[in-house]
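Results of the structural survey
Single-letter residue listing:
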Amino acid sequence: MASVAPKAGPTDRHARFDTLPSRIDRSVNRWSSYVADLVAGLGALRTEGRGPILAAVAVGWFLSIGLRLVYPALLPELRRAYDLDLTTAGLLLSVLWVAYAVGQLPGGVLADRIGEGRILWISTAISTGTIALVATAGSVSVLFGATALFGLGTALYGVARYTALSGIYPENDGAAVGVTLAAGEVGNVILPPFAGLLAATFAWQLGFGFAVPLFVLVSVSLWIVLPARTSAPTSAVDSLSFETARYVLSSVGRPTIVLVTAVQVLGFSVWQAYTGFYPTYLIEVKGLSYPAATTLFGLFFALGIVVQPVSGAAYDRFGLPRTAAVVLGIAALGLAALPVVSTLPAVVLATAFSSALLGLTVMTMPYLTAALPDDMQGTGLGFLRTVYMLIGAASPTVAGAIADRGFFDEVFFLLAGLVAVAIALSTLVPRG
C-alpha cells in the first residue's frame with residue numbers, strides 16, 4: 001500500500017515563509033555588492049595621480065568625436081548650401097568615416113612605435129588645422145577634401161586613447177574607457193546643438209570654426225600632462241616585414257577576436273546610419289523643427305553619458321555576452337519603434353531606448369585590447385578598427401540611397417534587424 005506523505009505542520013509552513021525575508025535580504029545584499037563594485041571601480045580612476053591624464057584624454061575625445069557629430073547636425077544646412085540630395089549627403093558622411101577608418105592602422109602602428117602620448121598630441125594638432133579648412137570650404141569639392149583630411153587627423157586619436165588608457169588603468173580599463181566615451185557623449189550633447197545655433201544665427205562655417213581655439217587648448221594640455229608612452233617600449237612592429245604582418249594577422253584572426261569584431265561591425269554600421277540621418281529624419285519625416293531635432297539629437301548622446309560608464313563598469317563585472325545582450329536588446333526596441341511612433345513623447349522614448357546602442361563600444365574595445373598580445377596592441381587594434389570602420393562607413397551612403405527612394409522609415413527597421421544579429425553573435429563570445 002502506497003504511503004502517504006505527512007502533511008506539513010505549522011512549524012514547517014512557518015519555516016518556508018521564514019525563508020522569504022532571508023531570500024530578499026540575500027538579493028538586496030547581492031545587488032548592493034554589485035553597485036558597490038561599480039562605484040568602487042569608477043572611484044579608482046582618480047587614484048595615483050591619474051585623474052589629470054584621464055581628464056586630458058577625455059576632453060580630447062570630447063572634441064574629436066563631438067566635431068565629427070557636428071556633421072549630421074549641420075547636414076540640413078549643408079544640403080541647402082550645396083544643393084545636396086540625401087545620397088550625396090550620405091556620401092559626405094561616408095568620406096569622413098572612410099578617412100577616419102583608413103587612419104586607424106597608421107595611428108596604431110605609430111602609437112606602438114613612438115608612444116601613445118605623442119600620437120594623441122599630434123592628432124589634436126592636425127585636427128586644429130583641418131577643421132579650420134573645413135570651416136572655410138567654398139565649394140563641394142573643397143568640403144569633401146577638407147572633410148577627408150579632418151577624418152584622417154582625428155583617426156590618430158582613435159587607437160592611441162584605448163591603448164593609453166589600458167596601460168594607465170590595467171585593472172579598470174572598461175570603466176576608464178567608459179568615462180572617456182562618456183566625455184565624448186558630452187561633446188555630442190553640447191557641440192552639435194551649439195554648432196546648429198551658430199549656423200542658424202550666423203553661418204554654417206561658424207558651426208565648425210568655433211572649435212579651432214578649443215583644439216589648440218587641448219593640444220597644449222595633452223603635451224603637459226600625458227606621458228609620451230604608456231606601454232612597454234618594445235614592440236613587435238619596430239620593423240615592417242612579412243613576418244611582422246603574418247604575426248599581426250594571426251593574432252587578429254583568432255576566432256574570438258573575429259567574433260567580437262563582427263559584433264562591432266554591426267553595431268558601428270547601425271550607429272553610423274542612425275546618427276548620420278537622425279536629425280534629417282526628424283525634420284523631413286516626423287515634421288519636427290530644426291531646433292527640436294538637434295535638441296533630441298543632443299538627448300540621444302546625453303543619455304550616453306550615463307549609458308557608457310555604467311555599461312563599461314557592468315562589462316568589468318559581468319563580461320561582454322551578458323551585458324551586450326541587455327544593452328543591445330534595449331537599443332533594438334528603440335530603433336524599431338522610431339518609425340512607428342508619431343507623438344513627441346513617444347519619439348523621445350524611442351530615442352532614449354536607442355541610446356543604449358552607445359554602450360556597445362565600451363565593451364568591445366576593452367575586450368579586443370585585452371585579447372591582443374601586448375607587443376602589438378596598438379597595431380592590432382588599429383587594424384581591427386580600420387576593418388570595422390571601413391565596412392561601417394558605407395552605411396550612411398546606403399541609408400541615404402534607400403531614403404532617396406522613399407523608404408526612410410524602412411531604414412530604421414533594417415537597423416533594428418542588424419542589432420538583433422549582433423545580439424545573437426554576442427551570446428557566443430567567451431566571457432573574457
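The rules behind these values
- Residues numbered from 1 in each chain as written.
- Predicted model: local features only at pLDDT ≥ 70, side-chain atom pairs only at ≥ 80, totals over all residues.
- Heavy atoms only, no water.
- Helix = DSSP H or I, 4+ residues; strand = E, 2+ residues; numbered from the N terminus.
- Buried < 20%, exposed > 50% of the residue type's maximum accessible area, 1.4 Å probe, protein only.
- Areas by Shrake-Rupley, 256 points an atom, 1.4 Å probe, with all protein chains shown as cover.
- Salt bridge = Lys/Arg side-chain N within 4 Å of Asp/Glu carboxyl O.
- Axes fitted to C-alpha atoms, helices over the stretch in contact; angles between N-to-C directions.
- Parallel < 35°, antiparallel > 145°, perpendicular 65-115°, else oblique.
- Contact = heavy atoms within 4.5 Å.
- Nonpolar A, V, L, I, M, F, W, Y, C, P; charged D, E, K, R; others polar.
- 1 Å grid on protein atoms, 1.4 Å probe; cavity = no way out; pocket = protein on both sides within 12 Å on 5 of 7 lines; lining within 4 Å.
- Points joined across faces, edges and corners; volume = space filled by probe spheres on them.
- Polar contact = N/O pair within 3.5 Å; in protein donor to acceptor, adjacent residues only side chain to side chain.
- Core = buried A, V, L, I, M, F, W, Y, C linked by side-chain atoms within 4.5 Å.
- Phe/Tyr/Trp six-rings, centres within 6.5 Å; stacked < 30°, edge-to-face > 60°.
- Left-handed = near helix turned anticlockwise from the far one by under 90°.

In terms of helices and strands, the protein carries 19 helices and 0 strands. The 432 residues of the protein split such that 53% are buried. Summing over all exposed atoms, the protein offers an accessible surface of approximately 17,500 Å²; the carbon and sulfur share of this is 70%.

Here the focus is the pattern of salt bridges. On inspection of all chains with the given rule, the structure shows 2 salt bridges. Between Glu77 and Arg80 there is a salt bridge; the shortest N-O distance is 2.8 Å. Here Glu77 pairs with Arg80, and both are found in helix 3 (residues 70-82), just 3 residues apart, close to one helical turn. Residue Arg79 pairs with Glu284 through a salt bridge whose shortest N-O separation is 2.4 Å. Of this pair, Arg79 sits in helix 3 while Glu284 is found in helix 12 (residues 255-284), placing the two residues 205 residues apart along the sequence. Overall, the relative accessible area of 19% leaves Arg79 in the buried class.

A few words now on the packing of helix 18 (residues 394-404) against helix 19 (residues 408-426). At a closest axis distance of 7 Å, the pairing of helix 18 and helix 19 adopts a crossing angle of 140 degrees. Relative to helix 19, the element helix 18 is oriented oblique. Residues Ala399, Ile402 and Ala403 of helix 18 touch helix 19, and the partners they reach there are Phe408, Val411 and Leu414. A breakdown of the residues in the contact of helix 18 with helix 19 according to their chemical character gives 6 nonpolar, no polar and no charged.

Turning our attention to the layout of surface pockets. Taken as a whole, the largest pocket spans an internal volume of roughly 300 Å³. Lining the largest pocket are 15 residues, with Val310, Ala314, Thr323, Val326 and Val327 sitting closest to its centre. Those elements that place two or more of their residues in the lining of the largest pocket are helix 13 (290-318), helix 14 (320-337) and helix 15 (344-354). Looking at the lining of the largest pocket residue by residue, the class counts come to 11 nonpolar, 3 polar and 1 charged.

Time to look at the side chain of Thr364. With respect to the secondary-structure elements, Thr364 resides in helix 16 (residues 361-371). We classify Thr364 as buried; its relative accessible area is 1%. Looking at Thr364, its side chain comes within polar contact range of the side chain of Gln264, at 2.7 Å.

This part covers the nonpolar core. Judged by nonpolar contacts, the single largest core of 125 residues is most densely connected at Leu67, Trp97, Phe208 and Trp271. Top contributing element to this core by residue count: helix 12, with 15 residues. Contacts of Trp97, omitting those with residues within four sequence positions, involve Ile65, Arg68, Leu69, Phe268, Trp271, Gln272, Met389 and Ala393.

Further remarks concern the packing of aromatic side chains. Across all of its chains, the model carries 20 aromatic pairs by this definition. Ring geometry for Trp97 and Phe268: centres 5.7 Å apart, planes at 80 degrees, overall edge-to-face. With Trp97 in helix 4 (residues 86-102) and Phe268 in helix 12, the pair connects residues that are 171 residues apart, well separated along the chain. The class for Trp97 is buried, based on a relative accessible area of 5%. Phe268 gets classed as buried once you look at its relative accessible area, which sits at 7%. A ring pair is formed by Phe297 and Phe301, whose centres lie 5.0 Å apart and whose planes are at 85 degrees; its orientation type is edge-to-face. With Phe297 and Phe301 both in helix 13, this residue pair falls 4 residues apart, about one helical turn.

Moving on: empty space enclosed by the protein. One pass over the full model with this rule turns up 1 cavity of 30 Å³ or more. Counted as a void, the largest cavity has a volume near 270 Å³. Surrounding the largest cavity, 22 residues form its lining, Trp61, Leu181, Phe268, Trp271 and Thr361 being those nearest its centre. The element that contributes the greatest number of residues to the lining of the largest cavity is helix 12, accounting for 4 residues. Among the residues making up the lining of the largest cavity, the classes are represented as 13 nonpolar, 5 polar and 4 charged.

A few words now on the environment of Ile224. Within the fold, Ile224 resides in helix 10 (residues 212-225). A relative accessible area of 62% means that Ile224 is categorised as exposed. Sequence separation of Ile224 and Ile53 is 171 residues, and the distance between their C-alpha atoms is 9.5 Å.

Another aspect to go through is unusual backbone geometry. At Asp83, a residue that is not glycine, the phi angle is positive and equals roughly 55 degrees. One can find Asp83 in the loop between helix 3 and helix 4. Classification of Asp83 as exposed rests on a relative accessible area of 70%.

Mapped onto the fold, Ile330 is located in helix 14. The exposure class of Ile330 is partly exposed, given its relative accessible area of 35%. Put simply, Ile330 and Leu357 are 27 residues apart on the chain and 8.0 Å apart in space, counted from C-alpha to C-alpha. Residues within four places of Ile330 in sequence aside, it is in contact with Phe353 and Ala356.

The subject of this paragraph is the packing of helix 14 against helix 19. Orientation of helix 14 relative to helix 19, taken along the N-to-C sense of each, is 170 degrees, at an axis distance of 9 Å. The orientation of helix 14 with respect to helix 19, classified from their angle, is roughly antiparallel. Read as a crossing pair, helix 14 and helix 19 show a hand that is left-handed. Facing Leu320, Pro321, Ala324, Ala325, Leu328, Gly329, Ala332, Leu335 and Ala336 of helix 14, the residues of helix 19 in contact are Phe412, Phe413, Leu415, Ala416, Val419, Ala422, Ile423 and Ser426.

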